[in-house]
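Listed here are the chains, written in short residue letters.
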Amino acid sequence: MHAANFQVRVETEQDAAVLSQLSAQAFGPGRFGRTAYRIREGVAPVSSLALTAWLDDRLVGGIRFTAVTIGGEGSALLLGPLVVDPVHKDKGYGKALVAEGLACARAQGFRLVVLVGDMPYYGRFGFVPVPPGQIRLPGPVDPARLLALDLVAGALSNAVGLVQAKAA
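Presented here is a report on the structure given in the accompanying data block. (Residues numbered from 1 in each chain as written. Predicted model: local features only at pLDDT ≥ 70, side-chain atom pairs only at ≥ 80, totals over all residues. Heavy atoms only, no water.)

### With respect to unusual backbone geometry
Cis geometry marks the peptide bond from Gly80 to Pro81, where omega comes out at 0 degrees. Among the secondary structure elements, Pro81 is positioned in strand S4 (residues 73-84). The backbone of Asp57 sits at a positive phi, close to 65 degrees, despite the residue not being glycine. Along the chain, the position of Asp57 falls in the loop between strand S2 (51-55) and strand S3 (58-70). Judged by its relative accessible area of 65%, Asp57 falls in the exposed class. (Helix = DSSP H or I, 4+ residues; strand = E, 2+ residues; numbered from the N terminus. Buried < 20%, exposed > 50% of the residue type's maximum accessible area, 1.4 Å probe, protein only.)

Given below as structure tokens:
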């Protein structure tokens with residue numbers, strides 16, 4: 001990563017079209033049927049945690065977090081989508097977005113982050129598999145891909161139940 005030419009910025013309305021195109025390339029049309037997308041459907045992400053990656057004034061990636069409740073309790077986030085332009089894959093831009101997003105979420109007082117993703121990738125940030133049956137999503141999810149990260153010690157052990165988007 002060329003740090004001098006790379007920046008993480010808060011997403012703006014003007015970024016939406018490029019981010020949508022990147023998501024379409026990365027996840028395809030089937031993404032809208034996935035459980036994590038269904039949870040986020042019609043709910044705006046936390047605006048201060050919708051971040052974009054810029055390289056030489058070109059948008060190359062983005063990350064969003066949606067406020068959720070787990071079993072009716074708040075202070076949790078659903079991470080996703082995380083997307084990086086395939087041309088710039090494996091150069092550290094996604095890692096920078098996740099690290100910045102988690103630091104901002106912690107600073108803003110969120111207690112827990114959950115996601116559906118790959119343990120080999122997200123484990124480096126401290127994510128762990130959710131114990132089977134502890135946290136449920138309102139649709140099919142491979143239990144091995146349901147991961148969580150305590151932003152406050154003990155938050156995962158206290159999170160039990162169904163994940164739902166939190167009304168603004």
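### Observations regarding helix H3 (residues 93-107)
For H3, with 15 residues, the first-to-last C-alpha span of 21 Å sits near the 21 Å given by 1.5 Å per residue. Here H3 has its buried residues at Tyr93, Gly94, Ala96, Leu97, Val98, Gly101, Leu102, Cys104 and Ala105. (Expected span 1.5 Å × (residues − 1).)

### Observations regarding the pattern of salt bridges
Using the criterion set out here, one finds five salt bridges in the structure. The residue Arg145 makes a salt bridge to Asp118 at a minimum N-O spacing of 2.2 Å. In this pair, Arg145 is assigned in the loop between strand S7 (135-136) and strand S8 (146-150) and Asp118 in the loop between strand S5 (112-116) and helix H4 (119-122), connecting sequence segments 27 residues apart. For Arg145, a relative accessible area of 30% translates into the label partly exposed. Judged by its relative accessible area of 43%, Asp118 falls in the partly exposed class. (Salt bridge = Lys/Arg side-chain N within 4 Å of Asp/Glu carboxyl O.)

Everything listed here is a matter of coordinates, which is why it stays silent on function.
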